[in-house]
Amino acid sequence: MNQKKKIIESYCLLFTDLLSITTAYILAILLRYQKFRRVMEPELHFLGCVCFLLFCVIYSFLLDWNREFLLRGIFVEFMAVLKFNLFMVLSLQCFLFMIQRSFDFSRLVMGYFFVFDVLIVWLVRLLMKKILRAYFTSKSNVVKIMVITKAAALEKTIVQLKEYMDIDYEIVALACVDADRKGEVIEGIEVTADGSDVLEVARQMPLDEVFIHLPEGNKRYVKHIIYDLESMGIACHYNIDVIEGPQKEIRVGSFAGYTVVTYSINHVDYRRMAIKRLIDIAGGLVGLMITAVVMPFVALAIRIDSPGPILFAQTRIGKNGRRFKIYKFRSMYLDAEERRKELEAQNEIQGLMFKMENDPRITKVGKFIRKTSIDELPQFFNIVKGDMSLVGTRPPTEDEFEQYNSHYRRRISMTPGLTGLWQISGRSEIVDFDEVVKLDLEYIDNWSLGLDIKILFQTVWVVLTGKGSK
């Protein structure tokens, strides 16, 4: 189980278990006494609820009773819940006996609670199985993986991976390095690359991780593959028998039954990433409310200024190559994309981006909403949806992405953002695409929640002062 999946699963189950216990306890109290003010020994019964909650926390983390939660069937889950509740009730009884208060605690409350909690926890956990399975296997959360191996090991490798991989992994491509097997389908997975073009294929497809199984492989070739994939921001799992200590930060562990060394330039604390996501959702909802307030006025101004839709939608490249539709208030004429080819010679940025100070494609209203960053307000929808973050890297266009080398590709190894270092550093004053890449990689390498908060405050100042926007 990968770290992100384990953390999400553990904390979701802990939260629902604590909520279920509290609900069951309240129902037991109400059934026994009808009203809270009629409870005999209220402090003792409150202490009993606290003990149940503490037991749940200890039992969950020290005994890890949620192991293989998603693989357990209905009956197995019921028995696990029953066992959990038996230990919990017995623990409270022992505690009450030790403090010599066991006869003061209502037996009916204990009995009612046991029945209610078994049923509630069991039913909630069955619901959580469906929710977590749907979440982990959704298009935006599934971990896309490429398998690189030899012809003799193709079928065996895929069979073992499918047998042992967690549900949040999806094999999307195969590469056979010692034979031309492109176009063949092995266990439902197409061979899309060989030894000569595997890096090119990996560079241009949505991909999160790579599993390399090259028994008796050329070490120089393997080293080249790993270094290049790592430079793209793609995590590599290399199946090895003898570990030679490389001069890099690595993680050694198991992957689908294999012993692997995972090479990854990005080491993320998923607990902090979960907090970042919560901040994104909260900020995105606030942003959507602001967007709803200003939208009628902006829409009217856009319509009066030029014919066409209010919103502009464009396919952008998100985290690790995922495509998504980005939304903005339209600031250009409808033929802007066609006219860009005529203006390429006037591009003021060196490299893959296009920018010019007096772009004739921008409408009068467009100049104002760009200057004030109002045109970017609809992106709060992308943030709530999860395609973007409040703070991140700049999302590239498809044309730009198709020209990326391995160094450029690493800038999309993190979720793109509404703002970032590139924006607070004077986005319109940057005249070299490599400078944008440098800022994005600096953000990735030094990411922290504190840095995000700092960038958000600086962004507000940049927007209010209009610094760096044209």
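Whatever comes next refers back to the structure up there.
This section reports on the structure supplied with the text.

Before going further, it helps to examine the pairing of strand β6 (residues 235–239). Counting buried positions along β6 gives five out of five residues, so the element sits mostly inside the fold. Taking every second residue as pointing to the same face, both faces of β6 are buried, with A235, H237 and N239 on one and C236 and Y238 on the other. As judged from the four bridges shared by strand β5 (residues 209–213) and β6, these two strands associate in the parallel manner. From the neighbouring strand, F211 faces β6, where its bridge partner is H237. For the crossover that starts at β5, traverses helix α7 (residues 219–231) and ends in the parallel β6, the hand is right-handed. Sheet analysis places β6 next to strand β8 (residues 258–263), joined by four bridges and oriented antiparallel. Bridge pairing links N239 to V260 in β8.

With respect to the secondary-structure elements, T16 resides in helix α1 (residues 3–33). Taking the relative accessible area as the measure of exposure, T16 reaches 11% and is therefore buried.

Right, let's talk about unusual backbone geometry for a bit. For Q34, which is not glycine, the phi torsion reads 70° and is therefore positive. Looking at the element boundaries, Q34 is found in the loop between α1 and α2 (42–62). Although it is not a glycine, Q100 adopts a positive phi angle of roughly 60°. Following the sequence through the fold, Q100 ends up in the loop between α3 (74–98) and α4 (107–136).

Let us now look at the nonpolar core. Ranked by internal contacts, the top residues of the largest apolar core, which has 40 residues, are F329, Y404, F433, Y443 and I455. Looking at this core, the elements with two or more residues in it are α8 (270–305), β10 (323–329), α10 (364–371), α11 (379–385), β11 (389–391), α14 (421–424), α15 (433–445) and α16 (449–465). For this core, the element with the highest residue contribution is α15, accounting for seven residues. Excluding residues that lie within four positions of it along the chain, I455 makes contacts with V391, T419, G420, L421, I424 and Y443. By size, the runner-up hydrophobic cluster in this structure holds 31 residues, among which are Y33, F52, V81 and L96.

The subject of this paragraph is the environment of L456. Locating L456 in the fold gives a position in helix α16. Residue classification places L456 among the partly exposed residues on the basis of a relative accessible area of 28%. Residues L456 and G420, spaced 36 residues apart in sequence, show a C-alpha to C-alpha distance of 8.2 Å. When near neighbours in sequence (up to four residues on either side) are disregarded, L456 contacts L390, V391 and T419.

The grouping of L47, F95, F97, M98 and I99 at the surface amounts to a nonpolar patch, some 510 Å² of accessible area in total. When residues in the nonpolar patch are grouped by element, the largest group, three residues, is from α3.

Interaxial distance between α1 and α2 falls to 10 Å at its minimum, and their mutual angle equals 155°. As summarised for this structure, α1 and α2 are arranged roughly antiparallel, according to the angle between their axes. Here α1 runs over α2; the crossing is right-handed. In this structure, α1 uses Y11, L14, D17, L18, I21, T22, Y25, I29 and Y33 to contact α2, whose residues at the interface are H45, F46, G48, C49, F52, L53, C56, V57, S60 and F61. Classifying every residue of the contact of α1 with α2 by side-chain character gives 14 nonpolar, four polar and one charged.

Let's shift gears to the environment of A28. Mapped onto the fold, A28 is located in helix α1. Between the alpha carbons of A28 and G111 there is a distance of 8.1 Å; along the sequence they are 83 residues apart. Residue contacts for A28: discarding those within four places in its chain leaves V109, Y112, F113 and F116.

With that settled, the discussion passes to the environment of I304. Checked against the element boundaries, I304 lands in helix α8. Separated by 61 residues in sequence, I304 and V365 have C-alpha atoms that sit 9.2 Å apart.

Now for α7. With 13 residues, α7 should reach 18 Å at 1.5 Å per residue; the first-to-last C-alpha distance of 18 Å fits that figure. Looking only at α7, the buried set comprises V222, I225, I226, D228, L229 and E230. Against the buried residues of α7 lie β1 (143–149), α6 (198–203), β5, β6, β8 and α13 (406–409). For α7, the N-terminal capping position is held by N218, with its side-chain oxygen 2.8 Å away from the main-chain nitrogen of R220. Taken from the residues just after α7, G233 is the one with a positive phi, measuring 90°.

On the surface, a cluster of negative charge is made up of E337, E338, D399 and E402. Tracing the backbone shows E337 in helix α9 (residues 336–343).

Right, let's get into the side chain of E209. Relative to the assigned elements, E209 resides in strand β5. Note on E209: relative accessible area 14%, which makes it buried. The residues touching E209, leaving out its near neighbours within four places in the chain, are V143, K144, I145, M146, Y169, I234, A235, H237 and F255.

This brings us to the pattern of salt bridges. On inspection of all chains with the given rule, the structure shows 21 salt bridges. The residue R125 makes a salt bridge to E77 at a minimum N-O spacing of 3.1 Å. Remark: E77 occurs in helix α3 and R125 occurs in helix α4; sequence separation between them is 48 residues. Across the pair, E77 and R125 agree in class, each one buried. In the salt-bridge network here, residues are joined through shared partners; they are D17, R72, E77, R125 and K129.

As paired elements, strand β9 (residues 311–317) and β10 share seven bridges and run antiparallel to each other. Bridging from a neighbouring strand, A313 pairs with Y327 of β10. With antiparallel pairing between neighbouring strands as the criterion, β9 and β10 make up a hairpin whose turn holds five residues, including N320 at a positive phi of roughly 55°.

Thresholds, definitions, all that
- Residues numbered from 1 in each chain as written.
- Predicted model: local features only at pLDDT ≥ 70, side-chain atom pairs only at ≥ 80, totals over all residues.
- Heavy atoms only, no water.
- Buried < 20%, exposed > 50% of the residue type's maximum accessible area, 1.4 Å probe, protein only.
- Helix = DSSP H or I, 4+ residues; strand = E, 2+ residues; numbered from the N terminus.
- Pairing = 2+ DSSP bridges.
- Right-handed = clockwise from strand over helix to strand, strands pointing away.
- Core = buried A, V, L, I, M, F, W, Y, C linked by side-chain atoms within 4.5 Å.
- Contact = heavy atoms within 4.5 Å.
- Patch = residues over 30% accessible without salt bridge, like charges linked within 9 Å, V, L, I, M, F, W, Y side chains within 5 Å.
- Areas by Shrake-Rupley, 256 points an atom, 1.4 Å probe, with all protein chains shown as cover.
- Salt bridge = Lys/Arg side-chain N within 4 Å of Asp/Glu carboxyl O.
- Axes fitted to C-alpha atoms, helices over the stretch in contact; angles between N-to-C directions.
- Parallel < 35°, antiparallel > 145°, perpendicular 65-115°, else oblique.
- Left-handed = near helix turned anticlockwise from the far one by under 90°.
- Nonpolar A, V, L, I, M, F, W, Y, C, P; charged D, E, K, R; others polar.
- Expected span 1.5 Å × (residues − 1).
- Polar contact = N/O pair within 3.5 Å; in protein donor to acceptor, adjacent residues only side chain to side chain.
- Lys, Arg positive; Asp, Glu negative; His and termini not counted.
- Charge placed at Lys NZ, Arg CZ, Asp CG, Glu CD.

Interpretation note: all reported values are geometric properties and have no functional meaning in isolation.
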